[in-house]
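Spelled out from the first residue to the last, the chains are:
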Amino acid sequence: MELLAGPTPLERMARAGAAVGHDGLWIKRDDVMSLGLGGNKVRSLEYWLGEAATTGGDMLVVAGAPASNQCRLVAAAGARMGIETLVLYAGDEPGALGGNAMLTRLFGARIRWLGPVTEVERGRRAAQVVEELRAHGRRPYLIGNPVVAALGYVRAAQELAEQVGALDLRHVLLPGSFGPASPANVAGKKSPSGVDAEGRVAPWRAARRRGWRRLPGEASGITSACACADRGHRAGRRPAC
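Quick caveat: nothing in here was measured; it's all calculated off a predicted structure.

Caption draft 1: Representation of the overall build of the protein chain. A tally of helices and strands in the protein chain yields 8 helices and 8 strands. Of all intrachain contacts in the protein chain linking residues separated by at least 6 positions in sequence, the fraction that spans at least 24 positions is 72%. With an accessible surface of roughly 12000 Å², the protein chain has 53% of that area assigned to carbon and sulfur atoms.

Here it is as structure tokens:
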């Protein structure tokens, strides 16, 4: 299911590179997307919605925290595709919605509050809601299958490979904590159309142990991928990004 208008931008990080003494820093801007203010979860949504369509789903169900970007984007995708969306939020209903929860409501999704539940209980309750909907004749599709989600990141890695062109791209750093992103990007890099180069995929702490430095003002949870074209790699020097 196509949700992206085209490849997201690959931009040189000139000022950040100057701050750390490296002129080969680039960033893959997966925050620049037209759907629902963007975000890397759109990658997975293309495949989740594709599976929902092929399995005859007539509504989307997603569970998360009120601040969830994923819930916001599912609501936005549902609005674009004209399919009903039910969002299950962990926590008690607040007096007034704000942030992503407010946007989720504005995108037209129905919201159900589950109370203060754990992540495990939230998943169990989501599965229960899906079964209840099926019992009433609906065909809900539950968002979240990590295997399907990973396909979006394989495609992202292949997209990056096509964008780098003549750049001497040597390492890719993936900030964030979404499990399918890392193995899928590795798979994409190893595929015939992927980047034929050494890849590093690691949480920030592991990257720091390897000698990588945090950029000034950089948060650890950026959802875009920073691609470093390390010209010093061939000389055996440690990457500076």
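Caption draft 2: Seen up close, the pairing of strand β3 (residues 59–64). With 6 of its 6 residues buried, β3 lies for the most part within the structure. Across the two faces of β3 the burial is the same, with Met59, Val61 and Ala63 and Leu60, Val62 and Gly64 all buried.

Caption draft 3: Layout of helix α2 (residues 41–54). Taking 1.5 Å per residue, 14 residues should reach 20 Å; α2 reaches 20 Å between its end C-alpha atoms and fits that length. Most of α2 sits inside the fold, with 10 of its 14 residues counted as buried. For α2, every residue scored as buried is listed here: Lys41, Val42, Arg43, Ser44, Leu45, Glu46, Trp48, Leu49, Gly50 and Ala52. Those residues of α2 that are buried lie in contact with β2 (25–28), β3, α3 (69–81), β6 (140–142) and α6 (146–164). Residue glycine 56 follows α2 closely and has a positive phi angle near 80°.

Caption draft 4: Region of the structure containing the packing of aromatic side chains. Inspection of the entire model under this criterion finds 1 aromatic pair. For the ring pair tyrosine 89 and tryptophan 113, a centre distance of 5.1 Å and an interplane angle of 45° mean the geometry is tilted. Pair noted here: tyrosine 89 is in strand β4 (residues 84–89) and tryptophan 113 is in strand β5 (residues 110–113), with a separation of 24 residues, a long-range link.

Caption draft 5: Fine view of the nonpolar core. Ranked by internal contacts, the top residues of the largest apolar core, which has 27 residues, are Leu45 and Ile143. Secondary structure elements with two or more residues in this core: α2, β3, α3, β4, β5 and α6. Residue contributions to this core peak at 6 residues, all from α3. Excluding residues within four positions of it along the chain, leucine 45 makes contact with Leu3, Gly50, Leu73, Val74, Ala77 and Ile143.

Caption draft 6: Representation of the sheet that holds β6 within the structure. On the basis of which strands lie adjacent, the open sheet formed by 4 strands has the order β5-β4-β3-β6 and parallel pairing. Of all strands in the sheet, those bounded by a partner on one side alone are β5 and β6. Averaged over all neighbouring strand pairs, the angle between strand axes comes to 25°, with direction disregarded. Pairing of β3 with β4 involves 6 bridges; the strand directions are parallel. In the strand pairing of β4, valine 61 is matched with leucine 86.

Here is what the cut-offs are and how they apply
Residues numbered from 1 in each chain as written. Predicted model: local features only at pLDDT ≥ 70, side-chain atom pairs only at ≥ 80, totals over all residues. Heavy atoms only, no water. Helix = DSSP H or I, 4+ residues; strand = E, 2+ residues; numbered from the N terminus. Contact = heavy atoms within 4.5 Å. Areas by Shrake-Rupley, 256 points an atom, 1.4 Å probe, with all protein chains shown as cover. Buried < 20%, exposed > 50% of the residue type's maximum accessible area, 1.4 Å probe, protein only. Expected span 1.5 Å × (residues − 1). Phe/Tyr/Trp six-rings, centres within 6.5 Å; stacked < 30°, edge-to-face > 60°. Core = buried A, V, L, I, M, F, W, Y, C linked by side-chain atoms within 4.5 Å. Pairing = 2+ DSSP bridges. Axes fitted to C-alpha atoms, helices over the stretch in contact; angles between N-to-C directions.

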